[in-house]
Amino acid sequence: MKSSSAPRRSRVPHSARPEVPGVCHVVLRVRRGLPWLRTPRTYRVLERAFRRGKEKQGFALVQFSVQRDHLHLLIEAESKGELARGVQGLTIRIAKNLNRYWRRRGGSVFADRYLARAVQTAKEIKRALAYVLNNARKHGVWSSATQPDPFSSRRWYTGWSEVLREICRPLR
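Source: prediction; values computed, not measured.

Caption draft 1: Expanded view of the packing of helix H1 (residues 40-53) against helix H2 (residues 80-101). The interhelical angle for the contact between H1 and H2, taken along N-to-C directions, is 150°, at an axis separation of 9 Å. Crossing handedness for the pair H1 and H2: right-handed. Contacts between H1 and H2 involve Arg41, Thr42, Val45, Leu46, Ala49, Phe50, Arg52 and Gly53 on the former and, on the latter, Leu90, Arg93, Ile94, Asn97, Leu98 and Tyr101. In the contact of H1 with H2, the residues fall into 8 nonpolar, 3 polar and 3 charged.

Caption draft 2: The packing of aromatic side chains, seen in detail. By the definition in use, this model includes 3 aromatic pairs. Considering the side-chain rings of Tyr43 and Phe64, the 6.3 Å spacing of their centres and the 40° angle between planes classify their relative orientation as tilted. Here Phe64 lies in strand E3 (residues 59-66) and Tyr43 lies in helix H1, a separation of 21 residues in the sequence. Here Tyr43 falls in the buried class, since its relative accessible area comes to 5%.

Caption draft 3: Examining the sheet that holds strand E1 (residues 22-29) more closely. Strands sit in the order E2-E3-E4-E1-E5 across an open sheet of 5 strands; the sheet is antiparallel. With partners counted over all chains shown, the strands left at the sheet margins are strand E2 (55-56) and strand E5 (115-119), one partner each. Both E1 and E5 contribute to a ladder of 5 bridges, which runs antiparallel. Paired with His25 across the bridge in E5 is Arg117. Lying over the sheet, H1 contacts E2, E3 and strand E4 (70-77), oriented at roughly 165° with respect to E3.

Caption draft 4: A look at H2. Helix length check: H2 (22 residues) gives 31 Å between terminal C-alpha atoms against 32 Å at 1.5 Å per residue, within 8%. Taken together, the buried positions of H2 are occupied by Glu82, Leu83, Gly86, Val87, Leu90, Thr91, Ile94, Ala95, Asn97, Leu98 and Asn99. As for H2, its buried residues are in contact with E1, H1, E3, E4 and E5. Remark: Arg103 follows H2 within two positions and exhibits a positive phi of approximately 60°.

Caption draft 5: The side chain of His72, seen in detail. Tracing the chain through its elements places His72 in strand E4. There is a polar contact of 3.2 Å between the side chain of His72 and the side chain of Asn135. Every residue in contact with His72, bar those within four places of it in the chain, is listed here: His25, Val26, Val27, Gln63, Phe64, Ser65, Gln67, Tyr131, Val132 and Asn135.

Caption draft 6: Structural view of the nonpolar core. Counting residues in each nonpolar core, the largest one holds 32 residues, and the members touching the most others are Val26, Phe50, Val66, Leu71, Leu73, Leu83 and Ile94. Looking at this core, the elements that each hand over two or more residues are E1, H1, E3, E4 and H2. A total of 6 residues in this core trace back to one element, the largest contributor, which is H2. Of all hydrophobic cores here, the second largest spans 7 residues; its members include Val23, Leu74, Leu129 and Leu133.

Caption draft 7: Focus on the pairing of E1. By the criterion of burial, E1 is predominantly enclosed, with 6 of the 8 residues buried. Bridge count for E1 against E4 is 8 bridges, and the pairing is antiparallel. If you follow Arg29 over to E4, its bridge partner there is His70.

About the criteria used
- All residue numbers refer to position in the chain's written sequence, counted from 1.
- Residues qualify for local features only when their pLDDT is at least 70, as the model is predicted, and side-chain atom pairs are given and counted only at 80 or more; totals for whole chains, interfaces and linings, by contrast, use all residues.
- Computation of side-chain values: all heavy atoms of the structure, hydrogens and water removed.
- The axes are straight lines fitted to the C-alpha atoms, using for helices just the contacting stretch, and the angles between their N-to-C directions are given from 0 to 180°.
- By the criteria applied, helices consist of DSSP H or I runs no shorter than four residues and strands consist of E runs no shorter than two, each listed in order from the N terminus.
- Definitions for this section: a left-handed crossing has its near helix turned counterclockwise from the far helix by less than a right angle. A right-handed crossing has that turn clockwise.
- By the convention used here, residues are in contact when the closest approach between their heavy atoms is within 4.5 Å.
- In this classification, the charged set is Asp, Glu, Lys and Arg, the nonpolar set is Ala, Val, Leu, Ile, Met, Phe, Trp, Tyr, Cys and Pro, and all remaining amino acids, among them Gly, are polar.
- Ring geometry is summarised as follows: Phe, Tyr and Trp rings, the Trp one being its six-membered ring, pair when their centres sit within 6.5 Å, and such pairs are stacked at plane angles under 30 degrees, edge-to-face over 60 and tilted between the two.
- Only protein chains enter the accessibility calculation, which uses a 1.4 Å probe; a residue whose area is less than 20% of its type maximum is buried, one above 50% is exposed, and one in between is partly exposed.
- The criterion for strand pairing is that DSSP finds at least two bridges linking the strands in question.
- Given the number of residues in a helix, its expected span is that number minus one, multiplied by 1.5 Å.
- Two N or O atoms count as a polar contact when they lie within 3.5 Å, although within protein this holds only if one can serve as hydrogen donor and the other as acceptor, and sequence-adjacent residues are included solely when both atoms are side-chain atoms.
- We call a set of buried residues a nonpolar core when its members are Ala, Val, Leu, Ile, Met, Phe, Trp, Tyr or Cys and they connect through side-chain atoms within 4.5 Å of each other.

The structure is reproduced here in structure tokens:
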């Protein structure tokens, strides 16, 4: 017998989480119909949640980028289980703070699933770092070549020129 409600769909494939003893690139999508994340006040709410939930046993939020309807995170985790528990705790903290700020009684903020991709080699880590910290350019919401995106953690990252040198180095 069919259910009367339509099935919930997620754009994230239902695949096994990567076994991650190291860095992982995570994308969290916000449910449709919610306000944009890329506003100064909403960013301050997110930043407070990032600071409070950035480090737990076996889990650390390393870098982030806030877009209109999704977040890009670089996370270090000791295992698949630590990744799942850490992301779950972080999303709960963010959702509670955003619901309070948006004056919503509750409800989910993020899509059912999140995208997680293991980043293993040094070259992959540098590329993931550049992708996350420059993601606003990809989406066309930030275009300054001299100033860091104000909705990302790039302004606190000191190794940026080294990363750019490595990525932009001509192939031999």
